[in-house]
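# Per-entry structural report
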Amino acid sequence: MDISTTIAHRAYEAAKLGTSPSADTLVGRAAQQFADVVAMGEQVAMQSMTSNGDPHKLVEALTQSELAVQTAVSVRDKVVEAYQEILRMPV
């Protein structure tokens, strides 16, 4: 193995570690996507109420918003359930 290959390999490993997202980054990204979906649903709904909006876009936006809210509630329920399980553990 050549020394330049070893240096390149170490540089690649260091760069790869720097690019892997952390848990807080993933949670933040998911929260931002949730907020974007809900905001888009609200925007399309307001357009439909104030002007002649496309009803198909309205139904699609409301369905996406409903799915996002159901997903968020399911995740919240799992987190609460895990927390309660931790509280029941004997110490």
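Just above, that's the structure.
Below you will find a few notes about this structure.

### What about the overall build of the protein?
- Scanning the protein for helices and strands turns up three helices and zero strands.
- Scanning the protein from its N terminus toward the C terminus, one meets helices and strands in the order α-α-α.
- When the 91 residues of the protein are sorted by exposure, 7% land in the buried category.
- Here the protein has roughly 7900 Å² of accessible surface; of this, 64% comes from carbon and sulfur atoms.

### Things to note about a nonpolar patch on the surface
- A cluster of nonpolar side chains, namely Phe 34, Val 69 and Val 73, defines an oily patch on the protein surface of about 200 Å² accessible area.
- Considering the arrangement of structural elements, one finds Phe 34 in helix α2 (residues 23-50).
- Since its relative accessible area comes to 32%, Phe 34 is described here as partly exposed.

### Describing the layout of surface pockets
- The space that makes up the largest pocket amounts to roughly 180 Å³.
- Lining of the largest pocket is provided by Val 27, Ala 30, Ala 31, Phe 34, Ala 68, Thr 71, Ala 72 and Val 75.
- Those elements that place two or more of their residues in the lining of the largest pocket are α2 and α3 (55-88).
- Taken together, the residues of the lining of the largest pocket sort by class into seven nonpolar, one polar and no charged.

### Let's talk about the pattern of salt bridges
- Taken as a whole, this structure holds two salt bridges when the rule is applied.
- Note that Asp 77 and Arg 76 form a salt bridge whose closest N and O atoms lie 2.8 Å from each other.
- Notably, a salt bridge pairs Arg 88 with Glu 85, separated by 3.0 Å at the nearest N-O pair. A residue pair is termed a helical-turn pair when its members lie 3 or 4 positions apart in one helix, as Arg 88 and Glu 85 do in helix α3 at three residues.
- Look at Arg 88 and you get exposed, because its relative accessible area is 57%.

### Quick notes on the environment of Arg 76
- Along the chain, Arg 76 turns up in helix α3.
- At a separation of 2.8 Å, a polar atom in the side chain of Arg 76 contacts the side chain of Asp 77.

### Re α2
- Here α2 spans 41 Å end to end across 28 residues, near enough to the 40 Å set by a 1.5 Å rise per residue.
- Those residues of α2 that are buried lie in contact with α3.

What counts and how
- Residues numbered from 1 in each chain as written.
- Predicted model: local features only at pLDDT ≥ 70, side-chain atom pairs only at ≥ 80, totals over all residues.
- Heavy atoms only, no water.
- Helix = DSSP H or I, 4+ residues; strand = E, 2+ residues; numbered from the N terminus.
- Buried < 20%, exposed > 50% of the residue type's maximum accessible area, 1.4 Å probe, protein only.
- Areas by Shrake-Rupley, 256 points an atom, 1.4 Å probe, with all protein chains shown as cover.
- Patch = residues over 30% accessible without salt bridge, like charges linked within 9 Å, V, L, I, M, F, W, Y side chains within 5 Å.
- Salt bridge = Lys/Arg side-chain N within 4 Å of Asp/Glu carboxyl O.
- 1 Å grid on protein atoms, 1.4 Å probe; cavity = no way out; pocket = protein on both sides within 12 Å on 5 of 7 lines; lining within 4 Å.
- Points joined across faces, edges and corners; volume = space filled by probe spheres on them.
- Nonpolar A, V, L, I, M, F, W, Y, C, P; charged D, E, K, R; others polar.
- Polar contact = N/O pair within 3.5 Å; in protein donor to acceptor, adjacent residues only side chain to side chain.
- Expected span 1.5 Å × (residues − 1).
- Contact = heavy atoms within 4.5 Å.

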